[in-house]
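# Understanding the architecture of this molecule
The lines below spell out each chain.
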Amino acid sequence: MKRVFWLGIGLAVGVLVVRKVTRTAQAYTPSGIASGLSESAGSLVESVRGFVEDVRIGMAEREQEIHEAFARGELYDDQFAELREDPRIGDREIFPEEHQR
């Protein structure tokens, strides 16, 4: 009875190992590489779409705040107005030279 038990365990482990090796080998075939790249590209596209959607939502919220402030007769709170008006600062101190074109 012990031999049948260990034979069953050996067969189960062998099947699991062969399935894992087959999946790993399939991942390195041209079709497996192509499917992996398409999945990666798909997840990248979804990430970019999510980012763009978040930016659009933030822009819409800020635009709504500006419109509401305008409707109340308040001035728009421009946080960067002082930086743009100061000729000594310019783009060089805000953006280092290696980032300028």
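What counts as what
- Residues numbered from 1 in each chain as written.
- Predicted model: local features only at pLDDT ≥ 70, side-chain atom pairs only at ≥ 80, totals over all residues.
- Heavy atoms only, no water.
- Salt bridge = Lys/Arg side-chain N within 4 Å of Asp/Glu carboxyl O.
- Helix = DSSP H or I, 4+ residues; strand = E, 2+ residues; numbered from the N terminus.
- Buried < 20%, exposed > 50% of the residue type's maximum accessible area, 1.4 Å probe, protein only.
- pLDDT = per-residue confidence, 0-100.

### Overview of the pattern of salt bridges
The final tally for this structure, using the stated rule, is two salt bridges. With a shortest N-O distance of 3.1 Å, E46 and R49 are connected by a salt bridge. A residue pair is termed a helical-turn pair when its members lie 3 or 4 positions apart in one helix, as E46 and R49 do in helix α2 (residues 30–72) at three residues. A relative accessible area of 53% places R49 in the exposed class. Residue R62 pairs with E65 through a salt bridge whose shortest N-O separation is 2.9 Å. With R62 and E65 both in helix α2, this residue pair falls three residues apart, about one helical turn.

### With respect to the confidence of the model for the chain
Mean pLDDT over the chain: 82, with 76% of residues reaching 70 or higher. Put simply, helix α4 (residues 90–94) is where the chain has its lowest mean pLDDT, 54, and helix α1 (residues 2–27) is where it has its highest, 90.

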